[in-house]
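Descriptive structure summary
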Amino acid sequence: MPALISRMGKQLRRLIERPASIELTHYEGLLPAIGELEAEVEQLSDTELTERAAKLRLEAGFGDKQLIEVCALGREAARRALGERAFDVQLLGTMGLLTGHVVQMETGEGKTLAGALAAAGFALQGKRVHVVTVNDYLARRDAEWMEPIYKLLGATVGWVDPSLSREERRAAYESEVTYGAVSEIGFDVLRDRLVTHVEDLTQPEPEVAIVDEADSVLVDEARVPLVMAGSVDHAVADIEVADVVRRLRLGLHYETDSDGRNAWLTTAGASVVEKALGGIDLYGDSGSERLAAVNVALHAHALLTRDVDYLVRDGKVQLINTSRGRVAELQRWPDGLQAAVEAKEQVAATDRGEILDSITVQALLARYPQVAGMTGTAVAVAEQLREFYRLEVAVIPPNTPNVREDHPDRIFASPSQKLRAIESEIREVHETGRPILVGTQDVAESEELAEKLAKVDLPCVVLNARNDAEEAAIIAEAGTFGAVTVSTQMAGRGTDIRLGGGDGADRERVADLGGLHVIGTARYPSSRLDGQLRGRSGRQGDPGSAVFFASLNDELVLSNAPDVPDGIQADEETGEITDPAAQRQINHAQRVAEGVHLEIHRNTWRYTRLIEHQRHELLKHRDKLLRTDLAAETLKEAAKKQYEELEEKLGEEQLEQVCREIMLLHLDALWSDHLAFLTDVRESIHLRALARETPLDEFHRLAIPEFRKIVPAIEERSLKSFEDLEVTDDGVDLAASGVRRPSSTWTYLVHDNPFDSDFEQTLKQVRSLLSRKKG
């Protein structure tokens, strides 16, 4: 009875502390058996260890026996290869991953090793595994770091990054375990969807994905579309319009909505623009093209901020990934907007393109029959993981209790008063020698803070999108005695901050002072991001502390809960507020922001489910065209005489490939056209709510019949191209027959949000229409 009561008490404690998480008792019950097996596998030679792991390839599934064997062999392989004996809690994480959960492990608790052991376990079951990371640096680092373990267990490992050739990518994906950034793996999926020869495919069919920083990838970036575009012609931004818009003023000539996603001309603004452009009527038939140019230029001018949304570096506009505060290499905004920003910044325009295909991060991960993940902050999004991915969270206890001291928020009336308090806090802590990590909201804020600190003789290292190539080295030294590091968002995630510096040589000195002190310059739109910043301190039981500074005029509050209750008083000298109502207001603003994010995620998911279904159906048809003689059979049946004549000139094999390329090109072009059609529909669909129609139902009503036209159109267009084929001494001139692919392609992530709530979208459209009528 006492044992039963103890167990029930333990389960009740877990339920209270870790809601929405699975019970770990069964996995914990396997740890003694793993420990007993440890002594046995220690006696094996390296060859015998590899051979014993190979026996797992003959067994199916992960019952208790297999979990015990994988963990015991993995622990021994890690000890030999890296000199690291996996803790019991790391093995709990491994078992959680192998059974298809998202495991929550605190910062510094060894997620990388737990993930590698799980990946090796899946590989030993004959499954190809993709370990999905948040950036290219971590993909290569972790693959190279863990490679000796994989080798001892008899599994192969590789990684992909933007520098690899097609052949190198193919070799990496042929490994049993492949590490890659979520964007790079997604872009390879899109590239494979455009090939015309089977041998050009780089990825095999997906089987297992283990997602690092799972909450970031599966939730924060879930709705972000990865896009493949092809060049159409050189972009020509309307320079005259850009010059006119540059002179417009907020509140007088244009307005923006509270969430910063839309901007529109006022009556006065429209009048100024029309006069500056030669007296045109923007809202008349003749002014429609200039109106489109004005709208996109206004978006670039009013809603996109240099050093927050993008950088200008080496004469080019480079996007910043807002969730990580780093430059998003090779990424662009959709057509028109990229050129408008380039015109705004007066840099050379890049090629204009058309979208060839796209896929959201959520749809990318949905391709895998099995998905598991690991992160330090999963419980807060457990319901979303269950709703969108059918994944449950397993909270792994720390190996050493966390002793970090989390101070209450310090709240101020204004951002300027808050900034002065932050400077004072940094000075006071720095004078003790304790290392400090300051988490800022964006690049501009990080550089502004660094400048202010320099003026008062407080030198710091800035980690932001300007020096992202060095971020791992910089963050690794953030625990050095006397160091002050200013970092945007969660730049440097995945790299441990060791007390005393990267080599830990000065650890005891720093630990005696109290460890790493973390300062947040504002609360983030998500409590998880707050937790991630705090989690940089207190690694593996280290001492440490964290405090957030906030203001009632921070962007979080102004955008999500601007109606601050009356009667909140601030200290006349410092501006600091101790009234609990201020803290409640900030917490409320954060909950509102999280709710908005969830609603956007749900809307994206609702709409993209149909798009992904249509994409899946068309890809099955494409794959059949690519891998079989279906194209040749189709065109031969439609134009038999001509086909036989061409077969005599070209030979059977070459003609089959010609037919294949013709039909694949038209399939790809029609899918691109369909995506453009769906974009037009979704941008106007919310107006249907005015007629009391359900926007989602209306979207389906329009999208489904249009999709059914694609396959017949492929055959019709292909027949026309086939009949127009010209054969020269050099072979078939496909381009002369209109079978021409883009001369270049590129990839990017779209950062706009077409899927606000139906009500919000309706209000925005109505407001825009009313504004135009007033003009």
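Residues numbered from 1 in each chain as written. Predicted model: local features only at pLDDT ≥ 70, side-chain atom pairs only at ≥ 80, totals over all residues. Heavy atoms only, no water.

Enumeration over the complete set of coordinates arrives at 7 aromatic pairs. The interplanar angle of 70° and the centroid separation of 5.7 Å between the aromatic rings of Phe388 and Trp605 together place this pair among those described as edge-to-face. With a gap of 217 residues between them, Phe388 in helix 16 (residues 382–389) and Trp605 in helix 23 (residues 580–627) connect regions that are remote in the sequence. Owing to a relative accessible area of 9%, Phe388 belongs among the buried residues under this scheme. Taking relative accessible area as the criterion, Trp605 reaches 23% and is therefore assigned partly exposed. Seen in terms of ring centroids, Phe412 and Phe549 are 6.2 Å apart; in terms of plane orientation they differ by 10°. Their pairing is stacked. With Phe412 in strand 16 (residues 410–412) and Phe549 in strand 21 (residues 544–551), the pair connects residues that are 137 residues apart, well separated along the chain. (Phe/Tyr/Trp six-rings, centres within 6.5 Å; stacked < 30°, edge-to-face > 60°. Helix = DSSP H or I, 4+ residues; strand = E, 2+ residues; numbered from the N terminus. Buried < 20%, exposed > 50% of the residue type's maximum accessible area, 1.4 Å probe, protein only.)

Looking now at the confidence of the model for the chain. Here the chain averages 87 in pLDDT, while 88% of its residues score no lower than 70. The model gives residues 12–17 a pLDDT under 50, and that stretch makes 5 contacts with residues more than four places away or in other chains. Across residues 752–775, confidence stays below pLDDT 50; counting only partners more than four residues off in sequence or on other chains, it has 47 contacts. (pLDDT = per-residue confidence, 0-100. Contact = heavy atoms within 4.5 Å.)

Relative to the elements of secondary structure, Gly502 occurs in the loop between strand 19 (484–488) and helix 20 (507–513). As for Gly502 and Ile475, which are separated by 27 residues in sequence, their C-alpha atoms are 8.8 Å apart. If sequence neighbours within four positions are ignored, Gly502 has contacts with Ala476 and Glu477.

Attention now moves to helix 25 (residues 640–650). Every buried residue of helix 25 is listed here: Gln642, Tyr643, Leu646 and Leu650. Looking straight down helix 25, one finds that the buried residues subtend no more than 100° of arc, so they occupy a single side. Facing away from the buried side of helix 25 by over 90 degrees, the exposed positions are Lys640, Lys641 and Glu648. Among the structural elements, helix 24 (630–638), helix 26 (652–684), helix 28 (710–723), strand 23 (727–728) and strand 24 (731–732) are those in contact with the buried residues of helix 25. Positive backbone phi, at 90°, marks Gly651, one or two positions downstream of helix 25. (Arc of directions from axis to C-beta.)

Taking 1.5 Å of rise per residue, the 13 residues of helix 18 (residues 443–455) would be expected to cover 18 Å, and the 19 Å separating its terminal C-alpha atoms lies within 8% of that figure. Val443, Ser446, Leu449, Ala450 and Leu453 are the residues of helix 18 that are buried. Looking down the long axis of helix 18, one finds its buried residues gathered within 135° of arc, a one-sided arrangement. Exposed positions of helix 18 whose direction lies more than 90 degrees from the buried face are Glu451 and Lys455. Capping of helix 18 at its N-terminal end is provided by Asp442; its side-chain oxygen lies 3.2 Å from the backbone amide nitrogen of Ala444. (Expected span 1.5 Å × (residues − 1). Polar contact = N/O pair within 3.5 Å; in protein donor to acceptor, adjacent residues only side chain to side chain.)

Our focus in this paragraph is the sheet that holds strand 4 (residues 177–181). Read from one edge of the open sheet, 7 strands run 3-4-2-5-13-1-14, paired in parallel fashion. Of all the strands in the sheet, the pair left with one neighbour each is strand 3 (157–160) and strand 14 (393–395). Across the sheet, the mean angle from the axis of one strand to that of its neighbour is 20°, orientation sign disregarded. Pairing analysis gives 5 bridges linking strand 5 (residues 208–212) to strand 13 (residues 370–375), with the strands arranged parallel. Residue pairing across strands places Val208 opposite Gln370, the latter belonging to strand 13. Helix 8 (residues 166–174) rests against strand 2 (129–133), strand 3 and strand 4 of the sheet, and its axis sits at about 140° to strand 3. (Pairing = 2+ DSSP bridges. Axes fitted to C-alpha atoms, helices over the stretch in contact; angles between N-to-C directions.)

All right, on to the environment of Gly126 then. By the secondary structure assignment, Gly126 is in the loop between helix 6 (111–124) and strand 2. Judged by relative accessible area, Gly126 falls into the exposed class, the value being 54%. Remark: the alpha-carbon pair of Gly126 and Glu176, spanning 50 residues in sequence, is separated by 8.1 Å.

Counting residues in hydrophobic clusters, the biggest one holds 59 residues, and the most contacted among them are Met95, Tyr150, Val177, Tyr179 and Ile210. It is helix 6 that contributes the most residues to this core, 10 residues altogether. Beyond its immediate sequence surroundings of up to four residues, Val177 is in contact with Ala119, Ala123, Val129, Val131, Tyr150, Thr156, Val157 and Gly158. (Core = buried A, V, L, I, M, F, W, Y, C linked by side-chain atoms within 4.5 Å.)

It is worth spelling out the environment of Val224 at this point. Tracing the chain through its elements places Val224 in the loop between helix 10 (214–220) and strand 6 (225–234). Sequence separation of Val224 and Thr604 is 380 residues, and the distance between their C-alpha atoms is 9.3 Å.

Once that is clear, we can look at the pattern of salt bridges. On inspection of all chains with the given rule, the structure shows 47 salt bridges. Salt-bridge contacts for Arg141 lead to Asp142; the nearest nitrogen and oxygen are separated by 2.8 Å. Here Asp673 makes a salt bridge to Arg717, at a shortest N to O gap of 4.0 Å. With a gap of 44 residues between them, Asp673 in helix 26 and Arg717 in helix 28 connect regions that are remote in the sequence. Take Asp673: its relative accessible area is 40%, and that puts it in the partly exposed class. (Salt bridge = Lys/Arg side-chain N within 4 Å of Asp/Glu carboxyl O.)

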